Amino acid sequence: MQRIDHEGNDIGNIDFFKHEKEFFGTAPSVLSRHDLTKVFYEALPESTKARLLPNKRVATIASNATDDGVIITCQDGSKFETRLVIAADGAHSTVREQMRNLALQYNASLPEGVVPVPINKEQPYLTTFRCLWVRFPSIPSIPTGTTSETHGPGAATQSFAAADTTATGVYERLDKPTKERVRWTQADKEACVAKWGHLLVAKGSTITIGEAYAASTESGMVSLEEGVVDNWSFDGRVVLTGDAAHKFTPSTGAGCNNGIVDIVAFVNELYTILPSSVSAEATARQPSKKDVGAALERYQSKRHAAVVAAGAASGQATNAASWANWPTSLLDRYVVSNKMMQRYVASKLLTASAINTPVFSFIEGEDRKGGTMAWVEPMTTLSRAVAAV
Ligand SMILES: Cc1cc2nc3c(=O)[nH]c(=O)nc-3n(C[C@H](O)[C@H](O)[C@H](O)COP(=O)(O)OP(=O)(O)OC[C@H]3O[C@@H](n4cnc5c(N)ncnc54)[C@H](O)[C@@H]3O)c2cc1C
């Protein structure tokens, strides 16, 4: 990751990707969310694809008649009754809001003396930065594979160059942090370009943010909310994952990755109680709401501390890159670039969390080869030969 300041001066590279290859045998890859989603979608069996209902918007969730499931009503009026809602509906999650309503209704119905369930905050995330993102056709002066950041007071950029297009984000500190959902307009995008358009997109190139914006094929502006929701499930019937449960700034590229790890941890817990997954005895009974509720709580307890730490690390990285105050600016310019310190931090901090990443406990596979550090929970060894892909 190359780094320059707002004037284009080199402030030293960060070699974390190189260290990750050394420790884990593989370096991070940059790929578009669209491509990743496509890979997941295409891996689904046809029978599952046939059951997907795209273009539905969840509007409300209510308890069913027997209180062991829920009824989902969509914006088009269609209704679905189900035992468990798994929410992956993003930072402004409708399901999270509906889950909070269910918990409030539940508490209101309790007889006196019964302990109420905890209630989440209505607005769990705080926005300190907003992001203008721009995608433009790649140019020779920013070669494929370039990762570059521009640091300085009030704003930082991150750029990733692929063969066809380059993506750049400007992370701009707001005058005042807000918990409100803000919908940024075209005028806001243009104001951001007017203020930061002179910044260079990448070290070694003269193209500016303003020129990239003028050449853009796509662009947008989003709030960079931050926070971790206190309670991720309700009554064994609703559970939150991904940005619905926790939201980070993009600086360490950890938001989506942690959402994926949520699913691994969650499915591992669900697998132990699903009828077809464990034993003949389990097959004979459906998991009770209590069993599911306990599994959902185990899922949260396995993930909560990790996402709190990951969110804090990302927030610190965004603060440091935008030179929040003079100590962080000095650290960012003169200390972070020290290679020995980078390797030390990578070995102590990065790996301390990364090696604890869960893997699917019930899917056989082969661990990556070549790294010097082993996962705490290795993959279940393959019991049969499979073709390498
Ligand atoms: C500029 C930027 C760069 C980033 N870079 C990285 C990176 O390098 N690495 C990384 O790991 N993460 C990165 N992230 C974070 C990443 O994009 C998010 O963490 C990730 O997209 C969250 O996935 P999600 O499925 O939880 O939510 P989302 O991606 O927000 O998806 C939510 C989905 O739910 C749907 N939905 C919403 N409401 C409803 C409803 N009522 N009914 C039905 N469907 C609904 C939406 O249409 C959407 O499809 C970045 C974020 C930003 C802003």
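Residues numbered from 1 in each chain as written. Predicted model: local features only at pLDDT ≥ 70, side-chain atom pairs only at ≥ 80, totals over all residues. Heavy atoms only, no water.

Draft legend 1. Expanded view of the UniProt feature "domain: FAD-binding" (unreviewed entry) in the protein. Those residues carrying the UniProt feature "domain: FAD-binding" (unreviewed entry) are residues 21-274 in this numbering. Across residues 21-274, helical content stands at 26% and strand content at 29%; the span's end C-alpha atoms are separated by 37 Å. (UniProt positions renumbered as here; feature names shortened; annotations may be inferred. Helix = DSSP H or I, 4+ residues; strand = E, 2+ residues; numbered from the N terminus.)

Draft legend 2. Inspection of the site of the ligand at higher detail. Among the 18 residues in the neighbourhood of the ligand, the closest are listed as R33, V58, D243, C256 and N257. Here an oxygen atom of the ligand and a side-chain polar atom of R33 are 2.8 Å apart. Protein chains shield 63% of the accessible area of the ligand, which is 1,000 Å² for the free molecule. With 3 residues, the top contributor of residues to the shell around the ligand is helix α7 (residues 255-271). Of the residues contributing to the shell around the ligand, the split by class is 7 nonpolar, 6 polar and 5 charged. (Near = heavy atom within 4 Å. Polar contact = N/O pair within 3.5 Å; in protein donor to acceptor, adjacent residues only side chain to side chain. Areas by Shrake-Rupley, 256 points an atom, 1.4 Å probe, with all protein chains shown as cover. Nonpolar A, V, L, I, M, F, W, Y, C, P; charged D, E, K, R; others polar.)

Draft legend 3. Structural detail: the packing of α7 against helix α9 (residues 289-321). With their axes 8 Å apart at the nearest point, α7 and α9 run at an angle of 155 degrees to one another. Accordingly, the angle class assigned to the pair α7 and α9 is roughly antiparallel. Considering only the axes of α7 and α9, their crossing is right-handed. Contacts from N258, V261, D262, A265, F266 and E269 of α7 reach α9 at A295, L296, R298, Y299, K302, R303, V307 and A310. In the contact of α7 with α9, the residues fall into 8 nonpolar, 1 polar and 5 charged. (Axes fitted to C-alpha atoms, helices over the stretch in contact; angles between N-to-C directions. Parallel < 35°, antiparallel > 145°, perpendicular 65-115°, else oblique. Left-handed = near helix turned anticlockwise from the far one by under 90°. Contact = heavy atoms within 4.5 Å.)

Draft legend 4. Up close: the sheet that holds strand β12 (residues 238-240). The strand order β5-β12-β11 describes an open sheet built from 3 strands, whose pairing is mixed. Of all strands in the sheet, those with a lone pairing partner are β5 (85-87) and β11 (233-234), marking the two edges. The pairing of β5 with β12 spans 3 bridges and is classified as parallel. When the bridges of β12 are listed, A87 appears paired with L240. (Pairing = 2+ DSSP bridges.)

Draft legend 5. How the structure looks around the packing of aromatic side chains. For the structure shown, the criterion picks out 6 aromatic pairs. On the numbers, 5.3 Å between centres and 15 degrees between planes, the contact of F24 with W375 is stacked. Of this pair, F24 sits in helix α1 (residues 16-24) while W375 sits in the loop between β14 (364-365) and β15 (380-381), placing them 351 residues apart in sequence. Given a relative accessible area of 26%, W375 falls into the partly exposed group. With 3.9 Å between their ring centres and 5 degrees between their planes, Y271 and F362 make a pair best called stacked. Of this pair, Y271 sits in helix α7 while F362 sits in the loop between α11 (339-354) and β14; the two residues are 91 residues apart in sequence, bridging distant segments of the chain. For F362, a relative accessible area of 29% corresponds to the partly exposed category. A network of ring pairs unites the aromatic residues W232, F266 and Y299 as a single cluster. (Phe/Tyr/Trp six-rings, centres within 6.5 Å; stacked < 30°, edge-to-face > 60°. Buried < 20%, exposed > 50% of the residue type's maximum accessible area, 1.4 Å probe, protein only.)

Draft legend 6. Main features of the nonpolar core. Of all hydrophobic cores here, the largest spans 33 residues; its most connected members are I61, V70, L84, V85, V238, L240 and F266. Listed by contribution, the elements that provide at least two residues to this core are β3 (70-74), β5, α4 (94-108), β12, α7 and α9. Each residue touching V70, except ones within four places of it in the same chain, is listed here: I61, A62, S63, N64, F80, E81, T82, V85, L102, R237 and V238. Listed in part, the 18 residues of the second largest apolar core include I142, A161, V170 and Y213. (Core = buried A, V, L, I, M, F, W, Y, C linked by side-chain atoms within 4.5 Å.)

Draft legend 7. Local environment of the pairing of strand β6 (residues 126-137). Of the pairings in the sheet, the one linking β6 to strand β10 (residues 218-228) comprises 9 bridges and is antiparallel in character. Residue C131 lies in a different strand from β10, and its bridge partner there is V222. Summarising the sheet, β6 and strand β9 (residues 165-178) pair through 10 bridges and their orientation is antiparallel. Paired with P137 across the strands is T165, a residue of β9.

Draft legend 8. A look at the pattern of salt bridges. Considering all chains together, one arrives at 19 salt bridges under this definition. Put simply, K339 and D15 hold a salt bridge, and the shortest N to O gap is 3.2 Å. Within this pair, whereas K339 is found in helix α11, its partner D15 is found in the loop between β1 (2-5) and α1, the two being separated by 324 residues in sequence. K339 gets classed as partly exposed once you look at its relative accessible area, which sits at 41%. Given a relative accessible area of 17%, D15 falls into the buried group. A salt bridge links K121 to D230, with the nearest nitrogen and oxygen atoms 3.5 Å apart. Of this pair, K121 sits in the loop between α4 and β6 while D230 is found in the loop between β10 and β11, placing the two residues 109 residues apart along the sequence. Its relative accessible area of 38% is what places D230 among the partly exposed residues. Salt bridges linked by common partners bring D67, D235, R237 and K289 together as one network. (Salt bridge = Lys/Arg side-chain N within 4 Å of Asp/Glu carboxyl O.)

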